[in-house]
Amino acid sequence: MRIVLLGAPGAGKGTQAELLSEYLQVPHIATGDLFREALAKDTPLGREARAYMDRGELVPDAITIAMVRERLSAPDTERGFILDGFPRTVEQARALDEVLAERGRKLDLVVFIDVRPEVLLQRLSGRWICQDCQGVYHTLYNPPERPEICDACGGRLYQRIDDRPETQRRRIEVYLAQTAPLIEFYRERGLLVTVNGEQEIARVRDELRSAVDRVRTRA
Ligand code: AP5
């Protein structure tokens, strides 16, 4: 299955994409993770993306689309994928349609994880991420068993630079201006399912699985 998870910064896209990836046995592709990987390796792509990411702005479409096009050409996407953080503009959404059409494919489902801005800010402030496996934790809502250590792989947890309060707010503004229009874009195409992202992680997971199973039984 080819699925897009849509939602504001902190809505829980990464958390749910990981769970869904295990459920469906297809790769979780997060553009934010791809940029952070490039940044950590100090590649030209990473250097180019850094300035935008640090300010909470979107990396230009041309750069992002080229990166995703390459990732989607890898053999592990044959059986499907879960996209997290892409597309984020109408131009990216159109480019995704084109890339898939070139391979005779289409998206199966877009899930909008709906969370109010005040809740997003709390989530981003308490978030910790594993530097090795990118596992996501929260001080209150999903704490690791040992402070600052990943339950899954024992890696060190860190807080993202763009989770600083002023950058959090900018990311949410950018989301509302540039990404929120995609909700209508996908609703008009009959692909959109909305899930209440303010429920517990396991509840959101179950609703997402039901949405996926409904599409699977239709196919
Ligand atoms: P990216 O890494 O994609 O960040 P984001 O969209 O801002 O999303 P987040 O990773 O912040 O949140 P999330 O929805 O994954 O939430 P999470 O599961 O972690 O992008 C970073 C930057 O890269 C962008 O600003 C941009 O510069 C660039 N970029 C990336 N993609 C791009 C693109 N397509 N175009 C251009 N530029 C791009 O959860 C958040 C916290 O809440 C965690 O602590 C988690 O444990 C907790 N939590 C999750 N679910 C729940 C729940 N149900 N209840 C309670 N707590 C929960």
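Details of the structure are given in the entry above.
Residues numbered from 1 in each chain as written. Predicted model: local features only at pLDDT ≥ 70, side-chain atom pairs only at ≥ 80, totals over all residues. Heavy atoms only, no water.

## Remarks on the site of the ligand
Residues in contact with the ligand amount to 35 residues; listed here are only the nearest, Thr15, Glu57, Arg88, Arg127 and Arg171. At 2.6 Å, a side-chain N or O of Thr15 approaches an oxygen atom of the ligand. Coverage of the ligand by the protein chains reaches 96% of its 1000 Å² of free accessible surface. Those elements that place two or more of their residues in the shell around the ligand are helix 1 (13-24), helix 2 (31-40), helix 6 (117-125) and strand 6 (136-138). Here the residues of the shell around the ligand are counted per class, giving 13 nonpolar, 12 polar and 10 charged. (Near = heavy atom within 4 Å. Polar contact = N/O pair within 3.5 Å; in protein donor to acceptor, adjacent residues only side chain to side chain. Areas by Shrake-Rupley, 256 points an atom, 1.4 Å probe, with all protein chains shown as cover. Helix = DSSP H or I, 4+ residues; strand = E, 2+ residues; numbered from the N terminus. Nonpolar A, V, L, I, M, F, W, Y, C, P; charged D, E, K, R; others polar.)

## Describing the sheet that holds strand 3 (residues 81-84)
Reading across the sheet, the 5 strands line up as 2-3-1-4-8 and stay open at both edges, with parallel pairing between neighbours. Both edges of this open sheet fall to strand 2 (28-30) and strand 8 (192-196), since each of them pairs with a single strand only. Each neighbouring strand pair of the sheet contributes to a mean axis angle of 25 degrees, computed without reference to strand direction. Bridge count between strand 1 (residues 2-6) and strand 3: 4 bridges; the pairing is parallel. From the neighbouring strand, Val4 faces strand 3, where its bridge partner is Leu83. (Pairing = 2+ DSSP bridges. Axes fitted to C-alpha atoms, helices over the stretch in contact; angles between N-to-C directions.)

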